[in-house]
Amino acid sequence: MEGNRRAKKLQSPQIPFYALPPDKQSSSEILNKARKSVRGQGGDNAKAKWKSPGRSTPSADHHSASLDFVLTGAGMGYRPKSNNLGILPPVGKSATPQSVASTVASPRTVAVEDIPLAVMLQRHIEAMKEAIEKKYTDEEKSLAGDQNDRNGSTALRDRYERILTGAIEGNIPNVAKVVRIFVSSTFTDTNEERNALMYHAVPKLKTFCHERGYEFQVVDMRWGVSDGAANDHITLQLCLNEIKKCQNISTGPNFVSLLSHKYGYRPLPPTIGSDDFELMFSSVIDEEERALMTRWYKEDNNAVPSAYTLLSISSIIANFGHPSNRILAEKAKAEWWRAYEKLSDVITKASLSCIKDSITAHKYISSLTEKEVESGVVGVDNAPSCCLWLKREITGLSANDRNSTARAFIDQLDDKGTPNQTSQDLLQLLKNDRIPSALPQSNISDYSVPWKRGKIDPAVHSKSITNLCKTFQSRLEGMIERGIAEREQVHDALYEEVIQHASFCQQKCEAFHGRQDTLKRIESYVKSDSRQPMVIYGQSGCGKTSIVAMAATMVNKWLQGRCKLVLRFLGTTPDSTIIHLLLTTVCEQIVKSYNSNMVVPRGLKELREFLPQCLTLASAESQLVVFLDSLDQLDSQDAARQLSWLPRQLPSYVKIVVSTLPEEEHTCFPMLQGMIKEESLFVPVPQLAQDDAHDILQEWFKSAKRTLTTQQMDILTRGFEKCPLPLYLKLCFDEACRWRSFTPQDETNLEDTVRGVINCLFARIEREMGKVLVQRALGYLTAAKSGLSESEIEDILSCDDDVLNDVYQYWTPPTRRLPPLLWIRIHSALSSYLVERGADGSRVIYWYHRQFIEAARERYLSDERQKKLIHRGEADYFSGKWANGVKKSYVTRQGQKSEADRFVASQPLAFTSTKYNLRKLNELPTHLIGSGNLKALKKDVLCNFDWLLTKVKATSFRQVMDDFRTATKSFPDDEDITRVKETLQLSEEGIILSPYQLPGQLLGRMPNEACNLLDMAAVGDVTAGLLPSHLCLTKPGGPLIHTMTGHTDKVSAMRITRNGQYVITGGNDQTVKIWSISDGVLVRGIENAGKNIVDIQLCHGERYIAVVSDSDTSIYKFGNGELLQRVEKISAEDNTRPMNIFSVTSRLFIVGFGYVKMIDFEESLKPVMIEGEVASELGNAPTVYTETLFAVVDEFVVFKDPTHRYFTIADTANHLALVRRARIFQQEDEERIRLLTSTHRARCSSLQNPPTG
């Protein structure tokens, strides 16, 4: 795959549309004479000495075309004045720019002159105007938009129904409740407007959106562009990416332009295709200009097709962006700007003189602002519904105004007022032609300000800015309202959940290749008659999720369109993490997709019973396939990973495919092994074979339009041999895509493990973007409970003065906030490893893979002091400490003290009476606990009545108690938290019934000295009804520790572990539940454990649970609830009483009527019947086999006979073959029994002289 240097043929350029019309006769004469002259002079001995930079000499068969190109001046911008062409190279040799340039300097050179730039530019602009097609008048655009709206309603409904049935193909609509606006402007002329919008309009728009359940975000990348951000020339691409993102996720408006009188910065092209670059290079005859091009651009043969890459500034100019020496940094910056201005002129002239197509030429000379407008407005079909231009006119401002302030508002070449006519001409094309071709006048708001005495009139400007803010706010509010109304025609919570998983599926399939054997096994299962689920399993990073995603996209094809699809990537959304939410959405989707009238229940037990009923809706004409990826990502509460909710037997025409990690610690895989006995339904994801890896890389590089040199590919291949995981391959591929064909070998190294590659990735981003910034940004992201939205990350970092002092090393921005570009650069560098998902009604970002979570925690949160600092910053943000205009003090790196408003989002408990601030309610407790701020935790959260009532109403009682359980682990000795927690536990049933019982429960149970919580409860919500005047309910702190609800019928058996951590209960509802004694939560549940459970025993070091019911005895694993063995009764007499069980060391004895069975956990789980008679001296007395278990003492088992006169002492060491009988006068005198067994321990293996009394 080496990017070999090809012998590039210079394309025969045609005369550009804007070239000066040549004199036909003289051109013909010149061409004829040149050909004759060339044939007559030099012959084969003449050699072309020039080679295109980094390329081979053009081949001979292109000589004639190249020669025509040189002679006519087409594309080079000059015409010969003389017919003396004897100096030209001979036929068969290349006519090159070097050879032409050398002749210009010699006495025999052909005198040439450039076509004036103004002429080329004017003709270019005329061609651009011709290329602009105005399809509609303003009125026609509006009418077309109205018709589209009418047709769109039907289309939205059709799409809604199609997506609910599992359609994954095509464009997946956005479901994020976000309004995200990209503000486009030039750098210096709209500072006051942008600042005013941030101060006055944006906070009001945030409130407006919050009240409707939406988040408002503004992307303004025109301030805070540091030297580091400019160094790698990716600012343009980041801006365009952000515009596309706004278009993809924003509801309603997404682009606002503040374009005025300035065309703005025209960035150098980061890459130029090799064909275009060589064409441009051939037109440049000045050696200094040619040297400038070859100094800054270098050919990258790893690009497909090959391209010349603009090198980073610091690789050419030392000290650019120097981290500590400002003088050196400023000197380097000045050197760069000089080089930039010269190179920009060269590229502009060369592109206009060489590139025939006006659109292609325009991309090399247009400004950053025009590129934004082109991407955000001109190239958008629905611009009238989502774009706005706030058009400012400055009356009286002249292009050649010599006032020093004029350069901030209009394009000038120097301080003398020399106008930059190129920029001004391009600006007029943009303002007068390009934007009006896409936007109707109704989307353009004009305002004007006068220019007086070298500046904008401040009084008029102030009023115009006030009006601008009002216009900005009102226009956007209208567009937002319309966007929300359209969006919510069909959107509901289920639809949004399904779309998120469909979108994630598409992302995972983008880079998927290979794995055909595994996919064929899934296909065979889907088409088979199997009635049990299929299990895909493999280690972390092996590619399970991608396989599930690809299989889901292929199911419709496999079943020829006769199927419904339900797809969930567990853990990627809150509703796919909690089991009762997962079952709710899965059942709802099945019911809706089959147009059934079945009512989906809300309780977990009812949902478990309802799911099998849902599955019966499938038919031969409409089969049902359910994919549940990553069962191990389920929250462990409600025994979700025990999988008792997963049907063991499936109805006809139903298939379920699940995936999980195989390790026992995650519980799921052992449970599946106990449920599914058919080995063929367990599909391991094998290691990726070398051939498959090679094919996958080929496809990935093809999609990325990249390749590698042979040596670089060897490095990648050797790395994969050491770590043959798809995740490792993807990480290394992403790193290799950064390698150029000229990258030094010592910069193309790869680590041998996934963790190593991830750490190298983090280290590189820290070097390139700032260690403090990256460490804090990724630390905040990783510490968040469910991820952070982009606006949250920017707000939190904007309150971190360590970050801002590092960022503001040499300059101070107009607002003390993090420049948005800085986070966007980090996000862009990690975009392949971050996932955007819904959480708490917002769109948040988090790590997409477990390996990144673990690596980030180790790198950024392992230090306890740093971890608390991170949590403190997030706690301050979610508490609203620095919101609502509160100024945060800071000290600069130079020691200067000051304070500033950070303009962060406000954090009320609720935005309206029905719109709760779920982000605050779910994130703040985590960060107060993590920061160790006990005082704020009690005052604002756990002992705050408003907080408790709001969270119970907004979320659930369970989530409130989760906060208390987490808090008591960190603060076990705090009496207030413990008392409130115990009070709430006692009040659980009433509060679940109605949150408004909270004040009555608190006042009726808690003593007055507890905390000020009671004072708040007494004056709380008026809907609480009657409030007790004194303590009248069970108080906390008594013998009652927990009220653990979960059994739906009488609890009939119980056992506590020896360490006192767990209690195991069995009930007449046929369930066994394991509870945590410390916090009263359900750890694990076992369904279908038997009717009328009468006894529970813990066996073999409490690793197993034996459960006795009326019909049988069942053995379960304590760790995961897996059913290991079920022992049925074997005699009719058994039905008269339940079995007796007892456990000694590794053995479990099951006593039925007239028989004993034994299970030895160290040998086999298969029960063994105990054979043989007891000793003859026992006579006709009832034998041990018919007696009732009384006690277990040491290694002996004590039975009592039906007459209650005798005890039988049995030594279990010999399978009950040896027994001792003793008459005990006090039949329940266990101490006497212990003494008796101790006395005869040495003789317990013999029946000689059995004891009698």
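Caption draft 1: Up close: the sheet that holds strand E19 (residues 1051–1056). The antiparallel open sheet is built from four strands, whose spatial order is E19-E20-E21-E22. Since the sheet does not close on itself, it has two edges, and those belong to E19 and strand E22 (1082–1086), each with one partner. Direction aside, neighbouring strands of the sheet carry axes that sit 20 degrees apart on average. As paired elements, strand E20 (residues 1062–1067) and strand E21 (residues 1072–1076) share five bridges and run antiparallel to each other. Among the inter-strand pairings, Gly1066 is bridged to a residue of E21, identified as Val1072.

Caption draft 2: The pairing of strand E15 (residues 834–839), seen in detail. Summarising burial for E15: five of the six residues are buried, a large majority. As judged from the six bridges shared by E15 and strand E16 (residues 842–847), these two strands associate in the antiparallel manner. Within E16, the position partnered with Leu834 by the bridge is Trp847. The antiparallel hairpin formed by E15 and E16 contains two residues in its connecting segment, where Asp840 sits at a positive phi of about 55 degrees.

Caption draft 3: Region of interest: helix H20 (residues 544–558). For H20, built from 15 residues, the straight-helix expectation of 21 Å at 1.5 Å per residue is met to within 8% by its first-to-last C-alpha distance of 20 Å. Burial runs high along H20: eleven of the 15 residues are buried. For H20, the complete set of buried residues consists of Lys544, Thr545, Ser546, Ile547, Val548, Ala549, Met550, Ala551, Ala552, Val555 and Trp558. Looking at the residues trailing H20, positive phi occurs at Gln560, about 55 degrees.

Caption draft 4: Inspection of the side chain of Arg392 at higher detail. One can find Arg392 in strand E7 (residues 387–395). Of the polar contacts made by the side chain of Arg392, one reaches the backbone oxygen of Asp189; its length is 3.1 Å. Polar side-chain contacts of Arg392 include one of 2.9 Å to the side chain of Glu193.

How each quantity is defined
Residues numbered from 1 in each chain as written. Predicted model: local features only at pLDDT ≥ 70, side-chain atom pairs only at ≥ 80, totals over all residues. Heavy atoms only, no water. Pairing = 2+ DSSP bridges. Helix = DSSP H or I, 4+ residues; strand = E, 2+ residues; numbered from the N terminus. Axes fitted to C-alpha atoms, helices over the stretch in contact; angles between N-to-C directions. Buried < 20%, exposed > 50% of the residue type's maximum accessible area, 1.4 Å probe, protein only. Expected span 1.5 Å × (residues − 1). Polar contact = N/O pair within 3.5 Å; in protein donor to acceptor, adjacent residues only side chain to side chain.

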